[in-house]
Amino acid sequence: MSWLRPRNLLATILVLALIAGGILVALPSLVSTDLIRARLVQEISNWTGYGVEAKQAPHISFFPTFTASMGDVTIRNPWATDGAPFMQAERIEVDLSLLSALMGQIEFTETKIVRPRFVLDEPIKSLSDIGEALAKSDGRIGDVMREAKAAIEANPAKPDMSTVSSQPFGRVRLEDAMVTFKRPINGAEEQISSISGVFDWPQTSGVASFQGKAIWHGEETEIDSSASKALLLLAGGASPVQINLSSTPLTLSFNGSANIAKDQFFEGTLSLTSPSLRRTLEWSRMAEIPAAPIGSFTLDASVTGSASRVKLESLTTTLNDNPAKGVIEITLNNPANGTPLGINGTLAFETLDLRSVFSGIMPIPDGSAETDTVISTPFLKQLNLDLRVSTQKATAGNVSLSNVAATAQIRNGRAIFDIGDATAFDGSIAGSFQLADEPDGGTTGELRLNGTDVNSASIASLLGLGNRFELGKGTVSLVLKGPITRWSSALSSAKGTLSMRFGNGQIRSLDLNRLLSKAKTDRFFSLNEKTDAWLALDKMELKANIMDGVAALETAQIQNKLGTLTFAGIVTLMSKSLALTGDFAAPVPAPAAAEGAPADAPKPEPTFNHTRFFIGGSWDNPFISPIISQ
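Because the structure is a prediction, the values reported are computed rather than measured.

In this section: the overall build of the protein. The secondary structure content of the protein amounts to eleven helices and 33 strands. Scored against the burial criterion, the 630 residues of the protein give a buried share of 41%. Sequence separation of at least 24 residues holds for 51% of the intrachain contacts in the protein that already meet a minimum separation of 6.

What follows is the structure, encoded as structure tokens:
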């Protein structure tokens, strides 16, 4: 074959190169920019169902691929004459089929939108609106959408999509996009920026997916989502949906089905992981919460819901290493009609740190510098809460509890944390704390605590009285109420009552005979002097009225076989200062009956020897001085 000779082969290659070069030189004249511009505008309009305007002529590039680029592109909803356009982009680039272009046709293989700015009414509603717009548009996508809607209307529960044709859609790449939208519930404006990712929908009958990343509320977030029946979803039906979201404040995974039509319904399985629930709530801006921190949080549940309501069933969760199971229902806040965020449900814990859980519901003092900060109460009107909690073991600060049944409620400007029943201090207790906004703008706090058959040593330690008391079991009742702005000053304005009654026992390091002797002779001495003696008693009873941080003793008695110790005076709760008088009444033995006296002769009235003294200092370091009788 003579043409395979080197000389002929070289000539053939040269001729082909000249032909190819000629074609490339002639391409700009063969491919009309006006045609490309018109077809690009038409195809993008068919994609979205919206009107498209390109203010700059396309720029065509043949290397390394056949690409057309249009600048300053605007897409508008043709039925919304007012307001910002749906999208404004700095540039749209499309990869085209050269062969189709030479034949007068435009086929996209990939589209890149550079720095677009999307303005949505709200994401789900706008996505539904796009489906409606596509159904009204011309072209292949519009035809497919109308077929899908007809299939749904024929059988909403189980539409027959086999009658719906399939058309190519393609791939859209976003570069530095921004989305401005309104929150579905309260209408607050939000912004997601620096969006970069790929929306891939090869065929309208197949899976549509988006993978990318964005910045929301200052945190970079990675998104991986897909809808296996995207056409059905846009047409108003339900589609299997998978969403994975990963950021520093929150990792979320949803696998189920969704409907973005008028009713906006979804169901499936949900998993959440957060290093700090408080940080996640702040990041998502769901609601204002008190300043107290909340720890790590995980959640797995079956979820059903709509745009305004979410129900979590078969729920397993861990809050700050406290595992629990239960059911939770959340109603999202809607300031438009005055509905705050609502949370209702039940949680059963194995072990529970009450402070770590309920500090996220209402402010709780923790002894830190924040104790002196002003208590924030806006959450009282932003949250409706009815949460019922049970646990086998619990802690509240240094107090250990078991078999706890508690509730936390917030409604109409009032928060109530109530322990209806629990085992603590070797007995049973019930208590509640309330925080309420008043009409005058102030805030009122109320504390109630009742203990039955409780251990005196544990109660004394809780009240800061040390480990002196080893008494029999008894009862305790405490009621405090008053205006409150800071925990550090709550007692200074509180009013209420305190009562305690305990049975037989002893008080360590208290030598009664030595005390009485010194009270008669010494001018001043400390009750904390070390001694191995102890005071045995049969009963101890105390009642006090509390006002403005001062406890005035109404009844205070210690009884034993030797007599009765009675106290009167005041105790300041803030400084622990004492200003008391003490009286020990020792019964004087009755004289023997006179010889020959009648047996029914009246017995003489009992008489007592009194030793009186003054108690000052503080209740953890008291001092005694005698009272000299006239």
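Take helix H5 (residues 139–154) next. Taking 1.5 Å per residue, 16 residues should reach 22 Å; H5 reaches 23 Å between its end C-alpha atoms and fits that length. For H5, the set of buried residues is Ile-141, Gly-142, Val-144, Met-145, Ala-148, Lys-149, Ala-151 and Ile-152.

Next up on the list: the pattern of salt bridges. Evaluated as defined, the whole model comprises 20 salt bridges. Glu-110 is paired through a salt bridge with Arg-173; the nearest N and O atoms lie 3.2 Å apart. Of this pair, Glu-110 sits in strand E5 (residues 108–119) while Arg-173 sits in strand E6 (residues 168–182), placing them 63 residues apart in sequence. Arg-173 sits in the partly exposed class, given a relative accessible area of 30%. Sharing partners across several salt bridges, the network here consists of Glu-90, Arg-91, Glu-93, Lys-112, Arg-115 and Glu-175.

The subject of this paragraph is empty space enclosed by the protein. Scanning the model with the defined rule gives two cavities of 30 Å³ or more in all. Estimates place the volume of the largest cavity at around 90 Å³. Lining the largest cavity we find eleven residues, and of these Leu-510, Asp-511, Arg-514, Phe-525 and Leu-527 sit closest to its centre. Broken down by secondary-structure element, the contributors of at least two residues to the lining of the largest cavity are helix H11 (512–521) and strand E26 (525–526).

Relative to strand E7 (residues 189–203), E6 is paired through eleven bridges, and the arrangement is antiparallel. Note that in E7 the partner of Arg-173 across the bridge is Val-198. Pairing geometry for E7 and strand E8 (residues 208–216), over seven bridges, is antiparallel. Bridge pairing in E8 links Ile-192 to Trp-216.

Where strand E29 (residues 550–560) meets strand E30 (residues 563–572), seven bridges bridge the pair, whose relative direction is antiparallel. Within E30, the residue paired with Gln-559 across the bridge is Thr-564. Where E29 folds back on E30, the antiparallel hairpin that results is connected by two residues. Sheet topology places E30 next to strand E31 (residues 578–588); eight bridges connect them, and they run antiparallel. Considered in E31, the bridge of Ala-568 is made with Thr-581.

On to the packing of aromatic side chains. Two descriptors summarise a pair of aromatic rings, namely the distance from one centre to the other and the angle between the planes of the rings. The full count for this structure, using the stated rule, is seven aromatic pairs. Here the aromatic rings of Tyr-50 and Phe-86 are separated by 5.0 Å at their centres, their planes lie at 90°, and the arrangement is edge-to-face. Here Tyr-50 is found in the loop between helix H2 (33–48) and strand E1 (51–54), whereas its partner Phe-86 is found in the loop between strand E3 (67–76) and strand E4 (87–96), with 36 residues between them in sequence. Judged by its relative accessible area of 4%, Tyr-50 falls in the buried class. Judged by relative accessible area, which is 13%, Phe-86 ranks as buried.

All right, on to the packing of helix H4 (residues 123–136) against H5 then. Following both chains from N to C, one finds H4 and H5 inclined at 110°, their axes separated by 7 Å at the closest point. In terms of orientation, H4 lies roughly perpendicular with respect to H5. Judged by the twist between their axes, the crossing of H4 over H5 is left-handed. From H4, Gly-131, Glu-132, Leu-134, Ala-135 and Lys-136 reach across to H5, where they touch Ile-141, Gly-142, Met-145, Arg-146 and Lys-149. Here the contact of H4 with H5 is composed, by residue class, of four nonpolar, two polar and four charged.

Okay, the sheet that holds strand E25 (residues 505–508) next. Reading across the sheet, the three strands line up as E22-E25-E27 and stay open at both edges, with antiparallel pairing between neighbours. The two strands at the open ends of the sheet, each matched to only one other strand, are strand E22 (469–471) and strand E27 (534–537). Each strand axis lies, on average, 15° off the axis of its neighbour in the sheet, ignoring direction.

Another aspect to go through is helix H7 (residues 277–284). Inspection of H7 places Leu-277, Thr-280, Trp-283 and Ser-284 among the buried residues, and these make up the whole buried set. An end-on view of H7 places all buried positions within 125° of arc, on one side of the element. Check the buried side of H7 and you find it contacts E8, strand E9 (219–227), strand E10 (238–246), strand E12 (265–274), strand E13 (297–305) and strand E14 (309–319). At the C-terminal side of H7, Arg-285 shows a positive phi close to 55°.

The next subject is unusual backbone geometry. Positive phi is not limited to glycine here, since Asp-176 has a value of about 55°. As for its position among the elements, Asp-176 is in strand E6. Positioned with a positive phi, Ser-194 is a non-glycine residue whose angle comes to about 55°. One can find Ser-194 in strand E7.

Of all residues in the protein, 82% have pLDDT values of 70 or greater, and the mean over the chain is 81. In the model, residues 18–30 has pLDDT below 50 throughout and makes six contacts with residues more than four positions away in sequence or in other chains.

Further remarks concern the side chain of Asp-583. Looking at where Asp-583 falls in the secondary structure, it is placed in strand E31. Within the structure, the side chain of Asp-583 is placed 3.3 Å from the side chain of Arg-612, a separation counted as a polar contact. In contact with Asp-583, other than residues within four places in its own chain, are Thr-564, Leu-565, Thr-566, His-610, Thr-611, Arg-612 and Phe-613.

Reading the values: the criteria
- Residues numbered from 1 in each chain as written.
- Predicted model: local features only at pLDDT ≥ 70, side-chain atom pairs only at ≥ 80, totals over all residues.
- Heavy atoms only, no water.
- Helix = DSSP H or I, 4+ residues; strand = E, 2+ residues; numbered from the N terminus.
- Buried < 20%, exposed > 50% of the residue type's maximum accessible area, 1.4 Å probe, protein only.
- Contact = heavy atoms within 4.5 Å.
- Expected span 1.5 Å × (residues − 1).
- Salt bridge = Lys/Arg side-chain N within 4 Å of Asp/Glu carboxyl O.
- 1 Å grid on protein atoms, 1.4 Å probe; cavity = no way out; pocket = protein on both sides within 12 Å on 5 of 7 lines; lining within 4 Å.
- Points joined across faces, edges and corners; volume = space filled by probe spheres on them.
- Pairing = 2+ DSSP bridges.
- Phe/Tyr/Trp six-rings, centres within 6.5 Å; stacked < 30°, edge-to-face > 60°.
- Axes fitted to C-alpha atoms, helices over the stretch in contact; angles between N-to-C directions.
- Parallel < 35°, antiparallel > 145°, perpendicular 65-115°, else oblique.
- Left-handed = near helix turned anticlockwise from the far one by under 90°.
- Nonpolar A, V, L, I, M, F, W, Y, C, P; charged D, E, K, R; others polar.
- Arc of directions from axis to C-beta.
- pLDDT = per-residue confidence, 0-100.
- Polar contact = N/O pair within 3.5 Å; in protein donor to acceptor, adjacent residues only side chain to side chain.

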